[in-house]
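Chain and residue survey
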Amino acid sequence: MSELTSRFQTGDPQHLERRFAARAVGMQPSEIRSLFAVASRPEIVSLAGGMPNLSALPMGMMADVVHNLISINGAEALQYGSGQGHPKLREQICDVMALEGIRANADDIVVTTGSQQALDLISRIFIDPGDVVLVEAPSYVGALGTFHQYEASVVHVELDANGMVPEALRQAIKSVRAEGRKIKFLYLIPNYQNPSGVLLPADRRTEILEICRKEEIFVVEDNPYGLLGFDRPSPDAMRAEDSENVIYLGSFSKTISPGLRVGWALVPPSLKEKLVIASESSILCPSNFTQLTISNYLADQPWRDQIASFCNLYKVRRDAMLESLTEHFPASATWTKPGGGFYVWVTLPPEIDTKAMMPKAIVAKVAYVPGTAFYADGLGSWAMRLSYCYPTPERIREGVKALGGVIKQEIERRHSGYELKN
Ligand code: PMP
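Residues numbered from 1 in each chain as written. Predicted model: local features only at pLDDT ≥ 70, side-chain atom pairs only at ≥ 80, totals over all residues. Heavy atoms only, no water.

**With respect to the packing of helix H13 (residues 303-328) against helix H15 (residues 393-415)**
Taken N-terminus to C-terminus, the directions of H13 and H15 make an angle of 30°; their axes are 9 Å apart at the nearest point. Classified by the angle their axes make, H13 and H15 are roughly parallel. Judged by the twist between their axes, the crossing of H13 over H15 is right-handed. Along its contact with H13, which presents Val 316, Arg 317, Ala 320, Met 321, Glu 323, Ser 324, Leu 325 and His 328, the element H15 presents Pro 393, Ile 396, Arg 397, Val 400, Lys 401, Gly 404 and Lys 408. (Axes fitted to C-alpha atoms, helices over the stretch in contact; angles between N-to-C directions. Helix = DSSP H or I, 4+ residues; strand = E, 2+ residues; numbered from the N terminus. Parallel < 35°, antiparallel > 145°, perpendicular 65-115°, else oblique. Left-handed = near helix turned anticlockwise from the far one by under 90°. Contact = heavy atoms within 4.5 Å.)

**A word on the sheet that holds strand E8 (residues 246-251)**
What the eight strands build is an open sheet, ordered E2-E9-E8-E7-E6-E3-E4-E5; its pairing is mixed. Looking along the sheet, the strands with just one partner apiece sit at the ends: strand E2 (109-112) and strand E5 (163-164). (Pairing = 2+ DSSP bridges.)

**A word on helix H4 (residues 59-77)**
Between the first and last C-alpha of H4 there are merely 20 Å, a value that for 19 residues lags more than 12% behind the 27 Å anticipated at 1.5 Å per step. Listing the buried residues of H4 in full gives Met 61, Met 62, Val 65, Leu 69, Gly 74 and Ala 77. Elements in contact with the buried residues of H4: helix H12 (288-300). (Expected span 1.5 Å × (residues − 1). Buried < 20%, exposed > 50% of the residue type's maximum accessible area, 1.4 Å probe, protein only.)

**Describing the sheet that holds strand E13 (residues 369-370)**
Spatial strand order, E10-E11-E14-E13: four strands in an open sheet with antiparallel pairing. The outermost strands of the open sheet, each flanked by one partner alone, are strand E10 (334-335) and E13. Where E13 lies against strand E14 (residues 383-387), two bridges are found, and the strand directions are antiparallel. By the bridge assignment for E14, Pro 370 is matched with Met 384. Most of the contacts of H13 go to strand E11 (residues 343-347), to which it runs at about 20°, and overall it touches E10, E11 and E14.

**Section: the domain arrangement of the protein**
Partitioning the protein into domains gives domain 1 (28-50 + 305-421) and domain 2 (60-300). For domain 1 versus domain 2, the distance between C-alpha centres works out to 27 Å. With 25 residues of domain 1 in contact, the opposing surface of domain 2 contributes 24 residues. Summed over both partners, the interface of domain 1 with domain 2 buries about 2,200 Å², with 68% contributed by carbon and sulfur atoms. It is Ile 307, Tyr 343 and Phe 374 that lose the most area in domain 1 upon contact with domain 2, and together they represent 23% of the buried surface on that side. Residue Lys 315 pairs with Asp 231 through a salt bridge whose shortest N-O separation is 2.8 Å. Our count for the contact surface shared by domain 1 and domain 2 stands at nine residue pairs in polar contact (both at pLDDT 80 or more). (Domains from an automatic or database assignment. Buried area = accessible area lost by both parts, 1.4 Å probe. Salt bridge = Lys/Arg side-chain N within 4 Å of Asp/Glu carboxyl O. Polar contact = N/O pair within 3.5 Å; in protein donor to acceptor, adjacent residues only side chain to side chain.)

Take a look at the structure:
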């Protein structure tokens, strides 16, 4: 074995670091990834991961869809396909988006390997090192990781119980530009935001669109949770109001299955070609097999009913979480009351450091994601994201109770001055 081979095999980190491209330095595991190993131990109630709950998906029906696909159309399903995505699925995606007021042309859709790939492609197309991307405060950890890899400078914009605050956006644009920096796009999740669970109301959507049009800033609207509203449909997508300045990202991960890895970008026509070229260079084409699985599922199965049954399942869990938060969390904690999606954002007294508290929570057999994961600038130590999508309502209650106990102890410890003396 040569010295070089052995160094790679033993993973000598310093040697490897020197050989990497500069951009690889930004490739760090997310806080969520490192948490997964611990949180997935069976004795731990994980309120950490945002895994869709597939217990509501009839597996026999999915097996039939896949079986029929291969027996009737296997030669196409198992072949390479179009770089832009299967034309039939792109037509069907237009029907799905129509539920949120979008009138789209299938030719402006690029199918991606989950919407995560679309985030990567958009970043690749737009971001030069140092360019500014505006995001909500807090924002989706997977998007922050992607922006970081492309060496963007991420600027957070205040978010309240009604999503991004338009006036804060105006101020952020002004101060970034006063520093002479370039803003490439605004990234936001208007429906049941990850991690906060909040919804951006229609009037703010319009105002934010107006600001961005005027300032010539693209809006990247990431909408994986829009159809998961529990009591009422979410407002029309921002893309429904502006087809020129909005890059819309959709996904079947939360409405059908994340394992199929099918998402899409609906882009202004002038951007489509670039997106297809960028995608072809990373994956050649999205999987025909999974695209056609989704296509046949949409064509033959009651997919709207299926989404409704996912909503029922998540709503029961949301209720269990909100009730048990009221029962078990200290009076000094506040939290969002999501009308859909997967997440509750909890704000604790500022002296609590949720990252430092994590080992204590694990001892109490509960896991969450510390707020710092959702900020690019190290803020968020006083907050945490709790997901209610996956555990049973009983486990959610158990987990929230245990976590409430840990937080109360932590507050008491701080107040008793123990920290100072030790
Ligand atoms: N955007 C947001 C806001 C998400 O929460 C997720 C998944 N957790 C994604 C994008 C990526 O989803 P996928 O790649 O499975 O479509």
